[in-house]
Protein chains: 2
Amino acid sequence: MFLRPQGKMLVPSLLLLLMLPVTGAATELSVTESLQSGLAGLGVSGDHGPPGLVSPGSTGEQVQPEVAEEEGSHHGGGFKIVQWEWSYVQTPYIISVWLLLASLAKILFHLSQRFTTVVPESCMLILLGLVLGGVVLLAHEKQLYQLEPGLFFLFLLPTIVGDAGYFMPSRLFFDNLGAITLYAVVGTLWNAFCTAFCLYGVKLLGVIDEKVDAGLMDFLLFGALISAVDPVAVIAVFEEVHVNDTLFIIVFGESLLNDAVTVVLYKVYMSFVEVGPANVGTAECMKGLVSFLVVSLGGTLVGLVFAVILSFTTRFTKKVRIIEPLFVFLLVYLAYLTAELCSLSAILSMTFCGIGANKYVEANISQKSRTTVKYTMKTLASIAETIIFIFLGISAMDKTKWAWDTGLVACTLVFILLFRAMGVIGQTWVLNRFRLVPLDRIDQVVMSYGGLRGAVAFALVVLLDGEKVKAKDYFVATTIVVVFFTVMFQGLTIKPLVKWLKVPRSTNRKPTINEEIHERAFDHILTAVEDIAGLQGYHHWRDKWEQFDKKYLSKLLLRKSVYQKSELWEAYQKINMRDAISVIDQVGGQRVMVHSRRL
Amino acid sequence: MFLRPQGKMLVPSLLLLLMLPVTGAATELSVTESLQSGLAGLGVSGDHGPPGLVSPGSTGEQVQPEVAEEEGSHHGGGFKIVQWEWSYVQTPYIISVWLLLASLAKILFHLSQRFTTVVPESCMLILLGLVLGGVVLLAHEKQLYQLEPGLFFLFLLPTIVGDAGYFMPSRLFFDNLGAITLYAVVGTLWNAFCTAFCLYGVKLLGVIDEKVDAGLMDFLLFGALISAVDPVAVIAVFEEVHVNDTLFIIVFGESLLNDAVTVVLYKVYMSFVEVGPANVGTAECMKGLVSFLVVSLGGTLVGLVFAVILSFTTRFTKKVRIIEPLFVFLLVYLAYLTAELCSLSAILSMTFCGIGANKYVEANISQKSRTTVKYTMKTLASIAETIIFIFLGISAMDKTKWAWDTGLVACTLVFILLFRAMGVIGQTWVLNRFRLVPLDRIDQVVMSYGGLRGAVAFALVVLLDGEKVKAKDYFVATTIVVVFFTVMFQGLTIKPLVKWLKVPRSTNRKPTINEEIHERAFDHILTAVEDIAGLQGYHHWRDKWEQFDKKYLSKLLLRKSVYQKSELWEAYQKINMRDAISVIDQVGGQRVMVHSRRL
């Protein structure tokens, strides 16, 4: 079994772990239904009161029919001492219990150190999901829970993207922005088109069964959703592998920035499937191009606007430090929601809001708020990731939702691996002509192998309209297999691969003052070189941006007291803080009594 | 006006502040409706996809009719470049915007220091609510938003109670538990009965108008809900007043512990109103008594069980520090929900879960998790409080929900003030015969005056069934006036009163090591004295409990490494940490360059 029992503490945990399916079984409600009826209950005042405060007869639909009956017949018999108020508390209860289950799963997996160094957490969580789904399936013959696209896109995904965007190493990101954009746009388009056309080709050749009722448009749609690298999967797998920073930022940046491509392709093909391939003209294709620009640039703009609002407002929170963390979360989340509202790229919006605001917000808010923001974001992202993988596992156990065709599954797997590798090699060849530090062969292997697909693809395929896309069930099954293959097989093997290829690992140490000074000096030198050569290259523009930031943006967005502090002071303060903490850590770690001299 | 504009930064904030009513107006949806339809949208996969990912024709109900029409007629016209996806994002959007509004309101109020020292925040928030409600009312002639009991009891109240319970000064609480319980049980019963009977009396005398169609049972019900001191109001007002710790813990503890009394009285009278006063027998009254014991002791027990589970599980989170904060929130919240589920006292459950788990959890989790838990809880509680007061203001502007009778309002105000004072004086007289440090006159005045009513009473009166309680609308109006009077008038005047009476204030300094040692020595001496005198008093039992805790509980609930550390080590570690931080603070505060010597 996948759970490694380690003695007595497992008993209560496992009891809790099993609580949910039992609860679910007792009430015969799916998450979906309960979300609906629960929130409906919230809305109707007077109908679902707090337990014990509801008059008999007005309790709404009781879950257990016997109780309801009893209440009806005893109408003159006064009140019950203890009532069972499931319908009233079920929404928050089910959500809390799922979160608890996810937390407990995490705790259990990490009890055995030896195990977790080999098997990635995401694999374990999917397996747990499969088992839970299997248990529910055996008990009910239908699946009660699955990863709902609404839940995923509105709550789980933003949690992860928000954390990723806000703590994005911005220098590294912008240094590699060219490469990231190329892979995200050209790479994703290449993957999508090649996979789609080749699948259509093998369909014509008869490798894919007749029963898969799909035309070119259907395959293009499927290609669009299956070919984007997934941020959630990339974070989950790469954070355990620790490849070097450049490699990570390229794959991870790509997984975030390809959102606009996916959104537009999906939208365009959806409409093509509607109108039929015969009616697709040049005008429609042009509209697709315009749409891409609007979705990507619009999303980015929304993000930046929210970044400015957020940074600006945190200038004035000195007397209400208590709400600073919430304020940061709210505005980053609103950047995502607003982009969704206008059907722009929400991931781009949130990413750029985070990147843009981070510097100013961190300077404006208090040390304690910073810690709270950091750890709360990490906690939420971690738990959202956990829930996504568990639900992916559970969703796979839903027989009613998918149909199997070996040809389709096998061809898709081969094509996405093949075209990913070809795309990476081709694009890197072009890129290396412009890069100062070229991406070598080993990098390309890791990038190809690290092109993981994940929950976004799954949520998109579930969103398809089965009426219009006849082969939906086959696509669902194929997507599940692709996601499982990339997350589980590739996730499991990428660590040994990276070791075997001797990929440079990331070092966790912070740059010394000396290194920082040298880096800054180099920046200035390179800018000067570009200026002398008459080039307006990357360094030239970065310098311009830094001057603009210093002259206007920082003045506008930073608290006055922060802005007026010299950089020397900042640096000193940082070192001082590091020193003080390291003293405590030393003492704490080595348990040696040392007297810290009070100054 | 209540907003003190301070220059340019007000403009964007105010724009955002006004955003919500405008959004609400544009879509004609109340929070309730939107919660329902939004979450319903979440549930139905394939119907409401993410923006831009929804095929034309399957977008569900579009908010703007013209768009929907256009889509219908252009069925062959491809896709829209930008779509307006309000129905998809509205639930999280509305919630986020409300939270944002509350945060901005807080930031704005604290811009003027001079203002906030005189006027308590809760008054300002209610005023803001009144203004917002007025704006919406002018635009729509009906109120879109109000404080829903479901929202209040399931989400807002637990946030505040959780924070209060977890950070309850447990020593102080248990030292005064006798007094707290007396005031909570006897005091609340006294208030409820006296207010009810006297209101019934003046109704018979004709002081209250004929149109208020209420009998004895209705008044008993009203008395039950109006007489409990409210935790939210007490926290909001008292945390700005800073009376001494003992006085605060008595009033605050009472406001938490009277929940069981309120729940049971409300439940019992509800059933009495159902069956009619004629059918109420001794059996029913006995059932009420049993119910009280079940609700209070059951709630406490549920809380303690969750406290044990929480403490025990945090022993094993060493490798997954990241989820520790979430885990704490979840289990404390589940303690509340589980009590609600079984219709026990949820406030008692959550309070005792917090008090019980705090010591062990804080020792088990990491320093960073501790900071995150603390500040996240404080942030959430603060924002929940803000939202409650704003919504109280807004709810008051809903003309359709209330009916005015001057006699009822005036009599209720007089009675609750009068009986509160009488109750406090009577009970304190009894208490002082047993207390080592008696409560003097000034304490009694503050306790009487600090018996604030608040949102719990309002939520309960809104929950009444208008069919059965004919005078509901009059009760609603009276409750609103009582709440506003206590929070605004008493909240505004209690600070000058406390100053005028020279009530000993709380000192914010921590006890020195010397004081702590003496306190502990005194505890042992008092225990010895009780032992010699053959008494089994409070100190005897506390000593027994401490021995039990040391022998069994701590062994079970504390991480081994924590448990094995000596107390001396703990104390040393604490001092060391305090020193290191004070060094940094000194340097940071005075901006003096001091070299911290590295050890």
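Everything quoted here is computed from the prediction, not taken from an experiment.

K.L.:
Let's hear about the overall build of chain A: which residues, and what values?
P.N.:
Of regular secondary structure, chain A possesses 25 helices and zero strands. Per-residue burial over chain A gives 58% buried out of 599 residues. The contacts in chain A between residues at least 6 apart in sequence include a share of 82% that link residues at least 24 apart. When the accessible surface of chain A is totalled, it reaches about 25300 Å², and 65% of it is carbon and sulfur.

K.L.:
Would you mind going over the layout of surface pockets in detail, with residue names and values included?
P.N.:
Any empty space left between atoms is shown by rolling a water-sized probe over those atoms. Residue and element names in this part refer to chain A. Roughly 370 Å³ of volume is contained in the second largest pocket. Every residue lining the second largest pocket is counted, 17 residues in all, and those nearest its centre are Leu-189, Phe-193, Leu-265, Val-268 and Tyr-269. Among the elements of the structure, α9 (177-205), α10 (216-226), α13 (259-275) and α14 (282-313) are those that each provide at least two residues to the lining of the second largest pocket. With six residues, α13 is the single largest residue contributor to the lining of the second largest pocket. Among the residues forming the lining of the second largest pocket, the class breakdown is 16 nonpolar, one polar and no charged.

K.L.:
Explain the pattern of salt bridges residue by residue, including any values.
P.N.:
Residues and elements named next belong to chain A. Under the definition given, this model contains 24 salt bridges over all chains. A salt bridge links Lys-106 to Glu-121, with the nearest nitrogen and oxygen atoms 2.7 Å apart. A residue pair is termed long-range when its members are at least 10 positions apart, and Lys-106 in helix α4 (residues 86-109) and Glu-121 in helix α6 (residues 121-140) qualify at 15 residues. An identical accessibility class is assigned to Lys-106 and Glu-121; each is buried. The closest approach of N and O atoms between Asp-523 and Arg-542, which form a salt bridge, is 2.8 Å. With Asp-523 in helix α22 (residues 513-532) and Arg-542 in helix α23 (residues 538-557), the pair connects residues that are 19 residues apart, well separated along the chain. A relative accessible area of 13% places Arg-542 in the buried class. Among the charged side chains, a salt-bridge network with shared partners connects Arg-171, Asp-175, Glu-519, Asp-523 and Arg-542.

K.L.:
Which residues make up the nonpolar core, and what are the values?
P.N.:
With 344 residues, the main nonpolar core has Phe-152, Phe-153 and Phe-475 of chain A together with Phe-152, Phe-153 and Phe-475 of chain B as its most contacted residues. The biggest single contributor to this core is helix α4 (residues 86-109) of chain B, with 16 residues. Among all residues touching Phe-152 of chain B, those that are not within four sequence positions of it are Leu-147, Leu-157, Pro-158, Ile-388, Ala-455, Val-456 and Ala-459 of chain B. Grouped together as the second largest cluster of nonpolar side chains are six residues, Leu-553, Leu-557, Leu-558 and Val-562 of chain B included.

K.L.:
Break down unusual backbone geometry for me, citing the residues and quoting the values.
P.N.:
All names here are of chain A. At His-242, a position not held by glycine, the phi torsion is positive, near 55°. Relative to the helices and strands, His-242 is located in the loop between α11 (231-241) and α12 (245-257). Not every positive phi belongs to a glycine, and Ser-343 is a case in point at roughly 50°. The residue Ser-343 is located in the loop between α15 (324-341) and α16 (346-364) in this model. With a relative accessible area of 0%, Ser-343 lands in the buried category.

K.L.:
I'd like a rundown of a nonpolar patch on the surface, residues and numbers included.
P.N.:
All names here are of chain A. Together, Trp-190, Val-414, Leu-418 and Met-422 give the surface a local cluster of nonpolar side chains, amounting to about 350 Å² of exposed area. Sort the elements by how many residues they give to the nonpolar patch and helix α18 (residues 406-432) lands first, with three residues. Turning to its location among the elements, Met-422 is positioned in helix α18. Classification of Met-422 by relative accessible area gives partly exposed; the value is 40%.

K.L.:
Before we move on, can you summarise a positive patch on the surface with the specific residues and values?
P.N.:
On the surface, Lys-368 of chain A together with Lys-374, Lys-510, Lys-574 and Arg-578 of chain B cluster together into a patch of positive charge. Looking at where Arg-578 of chain B falls in the secondary structure, it is placed in helix α25 (residues 567-590). The class for Arg-578 of chain B is partly exposed, based on a relative accessible area of 47%.

K.L.:
Which residues make up the confidence of the model for chain A, and what values do they have?
P.N.:
One rule of thumb: low pLDDT means the predicted coordinates there are not for detailed reading. All names here are of chain A. Counting all residues, the mean pLDDT for chain A is 79, and 81% of those residues have values of 70 or more. In this model residues 1-77 is a low-confidence stretch, pLDDT under 50, and it forms 151 contacts with partners more than four residues away in sequence or in other chains. Segment residues 588-599 is flagged for pLDDT under 50; beyond a separation of four residues in sequence, or across chains, it makes 22 contacts in the model. Both confidence scores are given for the complex: pTM 0.81, ipTM 0.79.

K.L.:
Lay out the state of the cysteines in plain terms, naming residues and giving numbers.
P.N.:
Counting across every chain of the model gives zero disulfides over all chains. Cysteine Cys-342 of chain A is unpaired, with the sulfur of Cys-353 of chain A as its nearest cysteine sulfur at 14 Å. On the basis of relative accessibility, which here comes to 17%, the residue Cys-342 of chain A falls in the buried class. No disulfide involves Cys-198 of chain B; its sulfur sits 6.1 Å from the nearest other cysteine sulfur, which is in Cys-194 of chain B. Given the relative accessible area of 26%, Cys-198 of chain B is considered partly exposed.

K.L.:
Lay out α10 of chain A with the relevant residues and their values.
P.N.:
All names here are of chain A. Judged by how many residues are buried, α10 sits mostly within the fold: 10 of 11 residues are covered. Residues of α10 that are buried: Met-217, Asp-218, Phe-219, Leu-220, Leu-221, Phe-222, Gly-223, Ala-224, Leu-225 and Ile-226. Where α10 is buried, its residues contact α9, α13, α18, α20 (455-463) and α21 (472-500).

K.L.:
So, the environment of Phe-316 of chain B: which residues are in play, and what are the values?
P.N.:
All names here are of chain B. Considering the arrangement of structural elements, one finds Phe-316 in the loop between α14 (282-313) and α15 (324-341). Owing to a relative accessible area of 21%, Phe-316 belongs among the partly exposed residues under this scheme. Sequence spacing of Phe-316 and Gly-276 is 40 residues, and the spatial spacing of their C-alpha atoms is 55 Å.

K.L.:
An account of the packing of helix α7 (residues 149-166) of chain A against α20 of chain A is needed here, citing residue identities and associated values.
P.N.:
Residue and element names in this part refer to chain A. Two elements in contact, α7 and α20, have axes separated by 9 Å at closest approach and are oriented at 145°. The interaxial crossing formed by α7 with α20 has left-handed handedness. Residues Pro-149, Phe-152, Phe-153 and Leu-157 of α7 form the contact with α20, whose participating residues are Ala-455, Val-456, Ala-459, Leu-460, Val-462 and Leu-463. Of the residues contributing to the contact of α7 with α20, the split by class is 10 nonpolar, no polar and no charged.

Rules and cut-offs
- Residues numbered from 1 in each chain as written.
- Chains lettered and ligands numbered in written order.
- Predicted model: local features only at pLDDT ≥ 70, side-chain atom pairs only at ≥ 80, totals over all residues.
- Heavy atoms only, no water.
- Helix = DSSP H or I, 4+ residues; strand = E, 2+ residues; numbered from the N terminus.
- Buried < 20%, exposed > 50% of the residue type's maximum accessible area, 1.4 Å probe, protein only.
- Contact = heavy atoms within 4.5 Å.
- Areas by Shrake-Rupley, 256 points an atom, 1.4 Å probe, with all protein chains shown as cover.
- 1 Å grid on protein atoms, 1.4 Å probe; cavity = no way out; pocket = protein on both sides within 12 Å on 5 of 7 lines; lining within 4 Å.
- Points joined across faces, edges and corners; volume = space filled by probe spheres on them.
- Nonpolar A, V, L, I, M, F, W, Y, C, P; charged D, E, K, R; others polar.
- Salt bridge = Lys/Arg side-chain N within 4 Å of Asp/Glu carboxyl O.
- Core = buried A, V, L, I, M, F, W, Y, C linked by side-chain atoms within 4.5 Å.
- Patch = residues over 30% accessible without salt bridge, like charges linked within 9 Å, V, L, I, M, F, W, Y side chains within 5 Å.
- Lys, Arg positive; Asp, Glu negative; His and termini not counted.
- Charge placed at Lys NZ, Arg CZ, Asp CG, Glu CD.
- pLDDT = per-residue confidence, 0-100.
- Disulfide = S-S within 2.5 Å.
- Axes fitted to C-alpha atoms, helices over the stretch in contact; angles between N-to-C directions.
- Left-handed = near helix turned anticlockwise from the far one by under 90°.

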